[in-house]
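Take a look at the letters that make up each chain.
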Amino acid sequence: MPLHDPKYNKNCQIFAISSVKVLISTGLLVLFMMCAAPLRAHLGTTPNIKHIVMGRCFNYVTLVNPGGRFDCEEIWRAFEEAVLRQASCEVAAEHYRRMFRAMPQTGTCDRFLLWSKTRKLIQDYAAVARHLWTLEDTLAGYMFNDLIWCSQQEDSDFDFGSCPEWSACLHHPVHSLWRQASKNFAEMACGNVTVLLNGSIEKAFNRNSMFGSVELDNLNPQRVNYVNIKVVSNLDGPFIESCGRGSIADLIHILQARGFRWTCSDNDRILTMLQCVHKPEHRACRTCADAHPVN
Ligand SMILES: *[C@@H]1O[C@H](CO)[C@@H](O)[C@H](O)[C@H]1NC(C)=O
Ligand SMILES: *[C@@H]1O[C@H](CO)[C@@H](O)[C@H](O)[C@H]1NC(C)=O
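Here is what the cut-offs are and how they apply
Residues numbered from 1 in each chain as written. Chains lettered and ligands numbered in written order. Predicted model: local features only at pLDDT ≥ 70, side-chain atom pairs only at ≥ 80, totals over all residues. Heavy atoms only, no water. Disulfide = S-S within 2.5 Å. Helix = DSSP H or I, 4+ residues; strand = E, 2+ residues; numbered from the N terminus. Near = heavy atom within 4 Å. Polar contact = N/O pair within 3.5 Å; in protein donor to acceptor, adjacent residues only side chain to side chain. Areas by Shrake-Rupley, 256 points an atom, 1.4 Å probe, with all protein chains shown as cover. Nonpolar A, V, L, I, M, F, W, Y, C, P; charged D, E, K, R; others polar. Salt bridge = Lys/Arg side-chain N within 4 Å of Asp/Glu carboxyl O. Buried < 20%, exposed > 50% of the residue type's maximum accessible area, 1.4 Å probe, protein only. Pairing = 2+ DSSP bridges.

A. Layout of the state of the cysteines. Under the criterion given, the structure shown has six disulfides. The disulfide partner of Cys 243 is Cys 264, and the gap between their sulfur atoms is 2.0 Å. Looking along the S-S bond of the Cys 243-Cys 264 disulfide, the torsion reads about -85 degrees, which is the left-handed sense. Residue Cys 243 is located in the loop between strand S3 (224-232) and helix H10 (247-257), and its partner Cys 264 is located in strand S4 (residues 261-265); the two are separated by 21 residues in the primary sequence. Ordering the disulfide-forming cysteines of the protein chain by sequence position, one finds them joined as 1-2, 3-7, 4-8, 5-6, 9-10, 11-12.

B. Representation of the site of ligand 2. Taken together, the neighbourhood of ligand 2 is formed by Asp 110, Asn 192, Tyr 226, Asn 228 and Thr 263. One of the side-chain N or O atoms of Asn 192 is found 2.3 Å from an oxygen atom in ligand 2. One of the side-chain N or O atoms of Asn 228 is found 3.2 Å from an oxygen atom in ligand 2. About the coverage of ligand 2: the protein hides 43% of its 360 Å² of free accessible area. Looking at the shell around ligand 2 residue by residue, the class counts come to one nonpolar, three polar and one charged.

C. Structural detail: the pattern of salt bridges. With the rule as written, the count across this model stands at eight salt bridges. One salt bridge connects Glu 81 with Arg 98, and the closest N-O pair in it is separated by 2.3 Å. One end of the pair, Glu 81, is in helix H4 (residues 72-83); the other, Arg 98, is in helix H5 (residues 97-101), and 17 residues separate them in sequence. Residue classification places Arg 98 among the partly exposed positions, given a relative accessible area of 27%. The closest approach of N and O atoms between Asp 236 and Lys 279, which form a salt bridge, is 2.8 Å. Placement of Asp 236 in the loop between S3 and H10 and of Lys 279 in the loop between helix H11 (269-278) and helix H12 (288-291) is noted, with a sequence separation of 43 residues between them.

D. Representation of the pairing of strand S1 (residues 112-116). Burial analysis of S1 places five of its five residues in the buried class, the great majority of the element. Of the two faces of S1, the one carrying Phe 112, Leu 114 and Ser 116 and the one carrying Leu 113 and Trp 115 are both buried. Inspection of the sheet shows S1 paired to strand S2 (residues 191-198) by five bridges, in the parallel sense. Across the sheet, the residue bridging to Leu 114 is Val 195, located in S2.

Below you can see the structure in the form of structure tokens.
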């Protein structure tokens, strides 16, 4: 997800950083102009997108998940058909129907992992909890992770100059693809499903996130045995939300109302240890051995 969380706005940061640079180098006038048209000038389609997407596809079908019968060329053609010659804000999720039909997948029950606003941690977690399956492990998620794309109505190629902010669009080509991929992924989920949420932010469960607006509604209580929520906060806090507090309580209400069984934990040891790998000196990472050093 990658970029798959609509509220995850990498581009705002880039904008902020570049604003500072501009301020320093060219003075206030340019900053004023940028602010007058905020977020308009924007990153375009990821350069070399075709090579990246095709390379990832061949890598996936050959090395990551061999045995799947996928036609990477056909998937690329369906992707182009969905995006090219379309206005950049008018690519709906349905445009990708043919592409997703070319990449049917089923996951193994009890292994589905959904997450929101825990992007950095999820990469470490997925690396150690190899049995868990995230959207980024599906062919579609794997192929399109972190990429940007759009076209123009009058263009038979991608727009490498600039693409709109996805909050500015009803049907943003990138957002629409992730919506559809997230929907497929959630519909497929079965057995125990793990949900990883960020306890260091307000609205750890956000109805506008991809999890809150797409995945949750497409989980099927008939297929899902338990929804196991894990709330994880930064080692240094802030400690804003936890099981039963804040928006997590809302999530639990929704799950109950829809007939799901659920559990919730806010001190998962593995998740703490993963954070400790990056900050071994942190006091939350001290072990008994540190307290009683053997000389
Ligand atoms: C929680 O969200 C904040 C803000 O986006 C982020 O900096 C932090 O890494 C996240 N924490 C975890 C544990 O994912
Ligand atoms: C599913 O989750 C429940 C509740 O956490 C747990 O008791 C059960 O052992 C889990 N089953 C599997 C197959 O992981």
